[in-house]
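# A structural walkthrough
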Amino acid sequence: MVKIEFLGPINKEDMDLDITNLSQLSEILKKDADVSTWLTNCAVAVNDTLVTSKDIALKDGDKISLLPPVCGG
């Protein structure tokens, strides 16, 4: 299982999914109305390291974080 955490204003409970790459996660989240609008603007981290490719292999115990843009001062 892979843990998915949604940070900041996404306001969704963490999920545990049986997936092997970020492309699978993307397809699942596109169908979720609460998350789909955030997908194009979020940064993604795997085990606290930012990634840019959906082809990264995931293994049991990995943590994926969706990081929406934030405004601060």
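One structure accompanies this document, and this report is about it. As a convention, each chain's residues are numbered from 1 in the sequence order in which they are written. Selection of residues for local features in this predicted model requires a pLDDT of at least 70, selection of side-chain atom pairs for listing and counting requires 80 or more, and totals for whole chains, interfaces and linings are taken over all residues. Hydrogens and water molecules were not included; the side-chain quantities draw on all heavy atoms of the structure.

## Quick look at the nonpolar core
Nonpolar side chains in soluble globular proteins generally cluster together in the buried interior. Only buried residues count toward a nonpolar core. Its members are Ala, Val, Leu, Ile, Met, Phe, Trp, Tyr and Cys residues joined through side-chain atoms within 4.5 Å. Think of it in three bands: with a 1.4 Å probe and only protein chains considered, a residue is buried below 20% of the maximum accessible area for its type, exposed above 50%, and partly exposed in between. Counting 17 residues, the largest nonpolar core has Ile 4, Phe 6, Ile 19, Leu 25, Ile 64 and Leu 66 as its most contacted members. Where helices and strands are cited, they refer to DSSP runs of H or I of at least four residues and of E of at least two residues respectively, numbered from the N terminus. Elements supplying a minimum of two residues to this core: β1 (2–6), β2 (15–17), α1 (22–30) and β5 (63–67). The contact criterion used is simple: two residues touch if any of their non-hydrogen atoms lie within 4.5 Å. Not counting residues up to four positions away in its chain, the partners in contact with Phe 6 are Lys 12, Glu 13, Asp 14, Met 15, Leu 29, Val 35 and Leu 66.

## Quick notes on the side chain of Asp 62
Position of Asp 62 relative to the elements: it lies in the loop between β4 (49–51) and β5. Between N or O atoms, a polar contact is any pair within 3.5 Å; within protein, one atom must be a potential hydrogen donor and the other a potential acceptor, and residues adjacent in sequence are included only when both atoms are from side chains. Among the polar contacts made by the side chain of Asp 62, one reaches the side chain of Asn 47 at a distance of 2.9 Å. Those residues in contact with Asp 62 that lie beyond four places of it in its chain are Met 1, Val 2, Lys 3, Val 46, Asn 47 and Ala 57.

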